[in-house]
Amino acid sequence: MILRLNSQNYIAMKISTGLLFTGLTLLVSCKETPAEKSEEPTAKVETTASGTAAFEITKEWPMWGYDGTRNMVGNAKGLPVDILPGELDDDTEAALLDESKNIKWASKLGSQAYGNTVVAGGRVYVGTNNESPRDEKQQGDRGVLMALDEKTGEYLWQLVIPKLGAGKVSDWEYVGLCSSPAVEGDRMWLVTNRGEVICLDVNGMANGNDGPFKDEAKYSSTDGTPVVIDDKSADIIWIYDMRAELGIFPHNVSSCSPVLVGDMLFTATSNGVDWSHTNIPNEGAPSLVALDKNSGELVGEEAAGVSSRVLHASWSSPAHGKIGEKDAIVWGGGDGFVYAFEPTPVPDEEGFGILKELWRHNCNPVEYREKDGKPIKYATYAGPSEVIGTTVIYDGLVYTMIGQDPEHGDGVGLITCIGADGKTVWSSKEIGRSISTMSVADGLVYAAEYDGDIHCYDAKTGKQYWVHETQSRIWGSTLVADGKVWLGTEDGELHILKAGKELEQLALIEFPAPIYSSAMVANNTVYIATQTHIYAIGKK
């Protein structure tokens, strides 16, 4: 029997045990578990939930999905569930924390925030738009990468990215920056809303303008007039323009978070269809490329023909890790296939670096692609889907889900565990379309679907243990940390569940704005970015 629990069941059940909700805001604290009473993280070395290595409390979250495996799991102790975010000032929109609980700090973002949070080197990085401009001289619609102090939330610097001017076709208005940076040492790399791969100095301009790129004043300009650059500005090291160099056509947005492998950077290109949703402007453009992270030079690209089959766009971020005994780049394509490539490009007859394909896996059952021998139309309930959430590597296996642009609504879905040979280990149609990335911890898979349900499966067999109904749309991904599953919803609710085979909701917290991005953890602090603010949650 599959156990189902929705938010209303939870409220009714918990009222009888001493918890009171007004609307969906927690008013009375939950009873602390012994683990929650610990003051500081210990230095005890633990086995990670991914089962691949041993490390201490997660100190940083330097890229989307923590590391190349993209598994949304972090080590933490004593994370609180008794949380009150506080209210927002009606005039300034500032977060009012006087009556908050277990909120270390909160900082204002723009009006929309889809870029997932990264924490490294004492800084917090998050993508947003420019609707609450930090630089009053740069007004209007922009993409923004914001750098904040990890301990205080103080604003440090920002990258201001002009829009393409193509509207919803290639750079949707007011969506801002959707990519998360990958940070290593004093450098970071991300994909901008303009379809560029860009390398930045993590210090911004505070330590001067490093090179070789020196024209930041012109880069951030919308009319050709150089903007004022100061120590609150980003320091660009190099730019690789995928639209100019590869001829890609990003559909709606450019959305991918790069993964670093040695001296190489791998990223999807977001190449897709045009406004008609039927024409592919450049079927020959690569959907996945490798760049030299130091120079920005193109060193490899996929030659699997993904763009010729793309359904909408190739937005998924690549993963890197061991599948079986093989080191591989694993990536979900915009054509509904998952691909495994060798990480080292191989020169073709003309000397161009090609990513050697190890295998490809069709993530859509035959009945999703055709009926009575005829193709099923895309963007229909019963039709095929691409891979948008990031593939996850765990214990030598690959986990993936299919989904579509949320504008296309609900539809049939599939979660699949793929073996090292590219063949299905198990799959389940009990889940609908998803744009989320999974968490795999202690032999269990936690997966969210756009319709609003969170599922728990056995990682080896696919047995479903439970389904939790949030009764809201889900854009973000699950995070497993401190024996808890964390997930925010479009209704602005943070659901905190007990990790394990038995379903138990620990808390339901209402934030003042919708949550479209994913929770992450670093230094015993959970970060939640709503559409308008980012919150640092931890014991106070």
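Along each chain, residues carry numbers from 1 onward, in the same order as the chain's sequence is written. In keeping with the predicted nature of the model, local features appear solely for residues at pLDDT of at least 70, side-chain atom pairs appear and are counted solely at 80 or more, and the whole-chain, interface and lining totals rest on all residues. For side-chain calculations, the full set of non-hydrogen atoms in the structure is used, while hydrogens and water are omitted.

**A word on the sheet that holds strand S44 (residues 533-537)**
Alright, step 1. For two strands to pair, DSSP has to find at least two bridges joining them. Where helices and strands are cited, they refer to DSSP runs of H or I of at least four residues and of E of at least two residues respectively, numbered from the N terminus. Strand order in the open sheet formed by four strands is S9-S44-S43-S42, with antiparallel pairing between adjacent strands. Every interior strand has two partners, whereas the edge strands, strand S9 (103-108) and strand S42 (520-522), have only one. Recorded for the sheet is a direction-independent mean angle of 20° between the axes of neighbouring strands. The axes used here are C-alpha line fits, helices contributing only the stretch in contact, and every angle between their N-to-C directions lies in the interval 0 to 180 degrees.

**Some details on the side chain of Asn 252**
Alright, step 1. Looking at the element boundaries, Asn 252 is found in the loop between helix H3 (242-246) and strand S18 (259-261).
Alright, step 2. Nitrogen and oxygen atoms within 3.5 Å of one another constitute a polar contact, given that in protein one can donate a hydrogen and the other can accept it, and given that sequence-neighbouring residues count only through two side-chain atoms. At 3.3 Å, the side chain of Asn 252 and the side chain of His 251 are in polar contact.
Alright, step 3. In what follows, a contact means two residues having at least one pair of non-hydrogen atoms within 4.5 Å. Residues contacting Asn 252, with those up to four places away along its chain left out, are Lys 168, Val 169, Ser 170, Asp 171, Trp 172, His 312, Trp 315 and Asp 405.

**A short note on the pattern of salt bridges**
Close approach of charged atoms lets side chains of opposite charge pair.
Alright, step 1. For salt bridges, the criterion is a side-chain nitrogen of Lys or Arg within 4 Å of an Asp or Glu carboxyl oxygen. Taken as a whole and assessed by the stated rule, the structure comprises 17 salt bridges.
Alright, step 2. Put simply, Lys 326 and Glu 342 hold a salt bridge, and the shortest N to O gap is 3.4 Å. A residue pair is termed long-range when its members are at least 10 positions apart, and Lys 326 in strand S23 (residues 326-332) and Glu 342 in the loop between strand S24 (337-341) and strand S25 (346-347) qualify at 16 residues.
Alright, step 3. On the accessibility criterion, Glu 342 (19% relative accessible area) is buried.
Alright, step 4. Salt bridges sharing partners connect three or more residues here, namely Asp 186, Arg 187 and Asp 201. Per-residue accessibility, obtained with a 1.4 Å probe over protein chains only, is compared with the maximum for each type, and a residue is labelled buried under 20%, exposed over 50%, and partly exposed between these values.

**Topic: unusual backbone geometry**
In terms of backbone geometry, most residues other than glycine have negative phi values and most peptide bonds are trans.
Alright, step 1. In this structure, the amide linkage connecting Gly 211 to the following residue, Pro 212, adopts the cis form with an omega of 10°.
Alright, step 2. Within the secondary structure, Pro 212 is located in the loop between strand S16 (196-201) and helix H2 (216-219).
Alright, step 3. Its identity as a non-glycine residue notwithstanding, Asp 372 has a phi of 55°, on the positive side.
Alright, step 4. In this structure, Asp 372 sits in the loop between strand S28 (370-371) and strand S29 (374-375).
Alright, step 5. You can call Asp 372 exposed: its relative accessible area is 72%.
Alright, step 6. Located in the positive-phi region is Gln 471, a residue other than glycine, with phi close to 60°.
Alright, step 7. One can find Gln 471 in the loop between strand S37 (464-469) and strand S38 (479-481).

**Side note on the packing of aromatic side chains**
Alright, step 1. Here is the rule: rings of Phe, Tyr and Trp (six-membered ring for Trp) pair when centre to centre is within 6.5 Å. Planes less than 30 degrees apart are stacked, more than 60 are edge-to-face, and the remainder are tilted. The final tally for this structure, using the stated rule, is 14 aromatic pairs.
Alright, step 2. An angle of 55° between the planes, with centres 5.5 Å apart, marks the rings of Trp 61 and Tyr 66 as tilted.
Alright, step 3. What makes Trp 61 buried here is its relative accessible area of 1%.
Alright, step 4. Exposure remark for Tyr 66: the relative accessible area of 22% places this residue in the partly exposed category.
Alright, step 5. When the ring of Phe 337 is compared with that of Tyr 339, the centres are 6.2 Å apart and the planes differ by 40°; the resulting orientation is tilted.
Alright, step 6. Judged by relative accessible area, which is 0%, Tyr 339 ranks as buried.

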